[in-house]
Amino acid sequence: MKEKSTSRRDFIKKSALAAAAFSIVPRFVLGGQGYLAPSDHLTKGIIGVGAMGRGHFSYAGTKTVAICDVDTRHLAIAMKQLNDSGVKQLSDFRELIQLPEVDIVHIATPPHWHGIMAAEAARAGKDIWCEKPMTRTIGEGKRVKEAVQQHGRIFRLNTWFRFKDNFYGMAVPVKKIKKLVDSGMLGWPLKVTVSRHTGFDWKFYWVGKENLTPEQVPSELNYDMWLGPAQYKPYNAHRVHQTFRGYWDYDGGGLGDMGQHYLDPIQYFLGKDNESPISVEVDAPQQHSDAVGTWRRIEYTYADGCKIILDGEGKDKDVPYIDGPNGKLYPGFKSDIPDMERKLATFPEPEEQVVDFVEAVKKRQKFALNEDNGYRSCTLVNMGLASVRLGRSLKFDPDKQLFVDDEAANRLIDQPMRGPWTI
């Protein structure tokens with residue numbers, strides 16, 4: 001590992017001559033013999049081809065031309081599924097992002113890799129599709145946002161509920177909820193409660209195991225590269241692949257897994273895409289330093305009094321999903337406002353969003369869920385995780401994007417990375 005990658009700078013330097021002509025604009029824009037026209041399929045390279053990565057091989061309007069994984073078993077399964085001998089197989093993501101034939105880099109790794117890979121892809125001139133959560137820390141999210149905007153990239157975060165499909169227990173798309181909120185019929189400020197009683201499962205089975213016994217690293221896995229920027233800890237099968245979410249070094253349990261699915265649409269319909277809460281309060285058991293545990297309640301408060309309640313223990317059985325001074329909204333889009341549906345029909349629809357990622361890339365348009373609003377909703381997740389880890393409530397400065405008068409909390413914003421990795 002040390003011989004192969006003493007630093008990102010050395011690696012980029014070695015491949016600069018080969019990739020320089022392609023490092024600023026997507027391949028399809030350059031034209032020329034052998035290149036697809038913008039009307040045809042965009043090409044993509046997928047980093048991480050476990051179950052999630054393999055599920056995106058056939059996304060409409062794209063063609064997979066390269067895959068990367070640190071587990072040779074994953075690569076073999078993926079190649080069999082692709083049934084295409086022309087697809088490149090790689091074990092180092094830095095090689096994939098420098099390929100001139102790749103337009104889009106799809107990141108489907110554990111979250112502790114998202115920040116580094118997304119920022120590096122942006123610097124290499126690639127557009128980016130990243131799985132949720134956007135990043136494992138607030139600081140990594142800042143760096144990704146900066147890199148994407150500095151290099152003029154198109155970024156998509158892969159949670160879609162703000163613009164597509166029925167929203168869990170609400171049984172309607174989020175667009176209809178936003179229309180109701182924008183209408184003012186519920187009043188202001190609003191309180192939103194996310195719990196199993198309003199249709200949202202926090203998946204508390206994503207917890208870690210304490211005092212793991214060291215095991216032999218399987219021959220197919222490059223464990224050092226899987227860990228990457230995370231602190232070195234002896235291998236145990238429960239740390240990697242399907243159960244990594246239960247460890248602080250790689251993710252944040254059920255909140256890390258489902259947080260952006262649940263919270264990004266709330267941020268959208270409350271109109272909070274450009275701001276963050278001023279505080280987060282927590283009720284949770286003391287957490288283990290390595291293994292993620294559960295929590296009972298997390299409460300976010302915005303400057304205008306709006307609140308988001310995460311009810312982990314399902315304490316409030318009859319609580320509305322949205323509680324306002326003039327009305328309530330319950331699961332199934334039921335309300336105590338008389339004749340609500342008829343009244344709602346008289347109000348304007350929410351502003352249209354760019355929801356086709358292929359078209360966003362071709363036309364260089366900002367996607368509906370991008371590096372800006374995605375960073376804000378991921379910050380909601382990471383604020384909550386910081387509060388749970390520390391076992392106390394925290395004040396937050398929405399402008400500085402820092403916790404107020406709490407050095408320990410701010411150390412969780414920019415966490416150290418194991419060399420040679422930086423972002």
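The chain is annotated in an unreviewed UniProt entry as Gfo/Idh/MocA family oxidoreductase from Olivibacter oleidegradans.

In the segment running from Trp188 into Pro189, the intervening peptide bond is cis, with an omega of 0°. Here the amide bond leading from Gly419 into Pro420 is cis, since omega sits at 10°, within 30 degrees of zero. A positive phi angle is found at Asp165, which is not glycine, with a value near 70°. Counting through the fold element by element, Asp165 comes out in the loop between strand E6 (155-158) and helix H8 (174-183). According to the relative accessible area criterion, Asp165 is partly exposed, its value standing at 39%. With a phi angle near 45°, Tyr168 is a residue other than glycine that sits in the positive phi range. Relative to the elements of secondary structure, Tyr168 occurs in the loop between E6 and H8. You can call Tyr168 partly exposed: its relative accessible area is 30%.

Under the local residue numbering, the UniProt record ascribes the feature "domain: Gfo/Idh/MocA-like oxidoreductase N-terminal" (unreviewed entry) to residues 45-157. As a span, residues 45-157 carries 38% helix and 22% strand, and end to end its C-alpha atoms are 16 Å apart.

Take the pairing of strand E9 (residues 297-301) next. With 4 of its 5 residues buried, E9 lies for the most part within the structure. Relative to E9, strand E8 (residues 279-283) runs antiparallel, the two sharing 5 bridges. Each bridged residue has a counterpart across the sheet, and for Glu281 the counterpart in E9 is Glu299. Direction of pairing for E9 relative to strand E10 (residues 307-311): antiparallel, over a ladder of 5 bridges. Each bridged residue has a counterpart across the sheet, and for Ile298 the counterpart in E10 is Leu310. In sequence, E9 turns back onto E10 through a hairpin of 5 residues, with Gly305 there showing a positive phi of about 95°.

Look at the UniProt record and you will see "domain: Gfo/Idh/MocA-like oxidoreductase bacterial type C-terminal" (unreviewed entry) annotated at residues 170-423. Between the end C-alpha atoms of residues 170-423 the distance is 38 Å, and the span holds 27% helix and 13% strand.

What follows deals with empty space enclosed by the protein. Taken as a whole, this structure holds 5 cavities of 30 Å³ or more when the rule is applied. Its volume calculated, the largest cavity comes out at about 130 Å³. Lining the largest cavity are 14 residues; nearest its centre among them are Arg136, Asn382, Leu385, Ala386 and Gln415. Here the lining of the largest cavity takes 4 residues from helix H13 (residues 371-390), the largest share from any one element. Class assignment for the residues of the lining of the largest cavity results in 7 nonpolar, 4 polar and 3 charged. The residue makeup of the lining of the largest cavity includes at least three contributed by each of domain 1 (41-155) and domain 2 (164-207 + 234-352 + 365-411).

Parameters at a glance
Per chain, the residues get numbers from 1 upward, laid out in the order the sequence is written. This being a predicted model, a pLDDT of at least 70 is required before a residue's local features are given, and a value of 80 or more before pairs of side-chain atoms are given or counted; all residues contribute to the totals for chains, interfaces and linings. No hydrogens and no water enter the side-chain calculation; it runs on all heavy atoms of the structure. Only runs of H or I of at least four residues qualify as helices and only runs of E of at least two qualify as strands under DSSP, and these elements are numbered from the N terminus. Throughout this description, buried means an accessible area under 20% of the type-specific maximum (1.4 Å probe, protein chains only), exposed means over 50%, and partly exposed covers the range between. UniProt positions are given in the numbering used here, feature names are shortened, and annotations may be inferred rather than shown by experiment. Two strands make a pair as long as DSSP finds a minimum of two bridges between them. In this analysis the probe radius is 1.4 Å and the grid spacing 1 Å, with only protein atoms considered; a cavity is a set of points the probe fits into but cannot get out of, a pocket is an open set with protein on both sides within 12 Å along at least five of seven lines, and lining residues have an atom within 4 Å of a point. Grid points are joined across faces, edges and corners, and a volume is the space filled by probe spheres set on the points. Charged residues are taken to be Asp, Glu, Lys and Arg, nonpolar residues to be Ala, Val, Leu, Ile, Met, Phe, Trp, Tyr, Cys and Pro, and polar residues to be all remaining types, Gly included. These domain boundaries are the output of an automatic or database domain assignment.

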